[in-house]
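Structural overview
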Amino acid sequence: MDDRRAEATHSANKAAAAQGGRRQEVFWAFLRLGLSAFGGPVAHLGYFRHEFVTRRQWLNDTAYADLVALCQFLPGPASSQVGVALGLMRAGPWGAALAWLAFTLPSALLLVVFALGAAHVEGPLAQGLVSGLKITAVAIVAHAVWGMARHLCPDKTRAGIALAGVFAVLLINGPLGQIGAILIGSLAGWLLCRQATTPLSEPLAFALSRRSGLIALGLFIALLGLLPLAAGSAAWLAVADGFYRSGALVFGGGHVVLPLLEAQVVQSGWVSADDFLTGYGAAQAVPGPLFTFAAYLGALLPDINPLVGALLALLAIFVPGVLLLVGILPFWNSFRQWQGAQALMRGANAAVVGILAAALYHPVWTSAIIGPYEFALALSGFLLLSVWKLPAWAVVIVMALGGVVTAF
């Protein structure tokens, strides 16, 4: 009996050590990516494939493609959701948490430092730098609209849905216009975009029960419904509500979060339009997920400690995407076989292009392009991205220098 007990204890210790080793492996792999993965969500997915499919062989290409498809289907930051799912596959819930932390922390810290330091820099040099960063946002968002439109609106039907999304956002101010655009786009997609089919890949395997998925979905819905009711009782609850809804309602991830966050923090008066666009431009120059822009905004919020605000905003914007991922994973293999699901997402994705196009006009263009020099600089940035294929961080440097030159 003692021998059996000793053998069982030895096996348990060995398994625990292996799991601990996997957690460390996940953390250091994602930390390296968090320090070096420039270029936005599409580039991040390329980094992930090289690191975890080709180099480490955690999964094969077929399983990775299916995982990417799932995360692009869900609202939230697609590349971060893929990272969380990879950590979950490799080392369980702790692996998921460590993957998110390691990939997110470097850029979040850099943007908080920028937010705290920018307020203390004055003079023509600082004004030129701010102008250059705002112009960077014009070039980056224009490039995103152009690329997404080519991919997500390849026919007249989806181009029309995108145009309807523009009108919805411009005619109905605030988050209601964006939500309405997505709902209208989804309905139109379900009715009009059923002709194309996407071949299904192999099913994904996760150690998640349907019960855990239902709990995560219930928590997602509860927070989405209860936070607005509690927002008036405390400043931190209002912050949590605004950033949670932005993370919960953003389809497409990346740059699409811009209009949602603008509606929450600029239209509410929490952050000025100039500070908002300056931070958005700075966010292009750091590695890691673009959603860490929330940390910059949180550090600027009034009536709340900058570090507390940054942490609260960062957690609030990422939590809904993670809850949805955990909630959908146990049901995904069944749901993706429904033909209407792909049609819904075609329409929603087309509407997202319209939402981003509306944001390109206001607040991005109207705040940054105030004369011919700014227009020429923005056009130069767009061409550097689309024709010369420079990485986003390099364009940020060029635009920042251009802004400084035009300031003198």
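Since this is a predicted model, take the numbers as computed values, not measurements. (Residues numbered from 1 in each chain as written. Predicted model: local features only at pLDDT ≥ 70, side-chain atom pairs only at ≥ 80, totals over all residues. Heavy atoms only, no water.)

**Some thoughts on helix α8 (residues 210-230)**
Spanning 21 residues, α8 covers 30 Å between terminal C-alpha atoms, matching the ideal 30 Å at 1.5 Å per step. By the burial criterion, the buried members of α8 are Gly 213, Ala 216, Leu 217, Phe 220 and Leu 227. Residues of α8 that are buried make contact with α9 (235-249) and α13 (306-328). (Helix = DSSP H or I, 4+ residues; strand = E, 2+ residues; numbered from the N terminus. Expected span 1.5 Å × (residues − 1). Buried < 20%, exposed > 50% of the residue type's maximum accessible area, 1.4 Å probe, protein only. Contact = heavy atoms within 4.5 Å.)

**Quick notes on helix α12 (residues 293-300)**
The buried count for α12 comes to seven of eight residues, which makes it a mostly enclosed element. Among all positions in α12, only Phe 293, Ala 294, Ala 295, Tyr 296, Leu 297, Gly 298 and Ala 299 are buried.

**Some words on the packing of aromatic side chains**
Under the counting rule described, the total for this entry stands at 14 aromatic pairs. With a centroid separation of 5.6 Å and 70° between ring planes, the pair formed by Tyr 280 and Phe 293 is classed as edge-to-face. With Tyr 280 in helix α11 (residues 273-283) and Phe 293 in helix α12, the pair connects residues that are 13 residues apart, well separated along the chain. Exposure remark for Tyr 280: the relative accessible area of 0% places this residue in the buried category. (Phe/Tyr/Trp six-rings, centres within 6.5 Å; stacked < 30°, edge-to-face > 60°.)

**Let's talk about the side chain of Ser 246**
Here Ser 246 is to be found in helix α9. Looking at Ser 246, the relative accessible area reads 1%, which means it is buried. Those residues in contact with Ser 246, other than ones at most four positions away along the chain, are Leu 260, Leu 261 and Gln 264.

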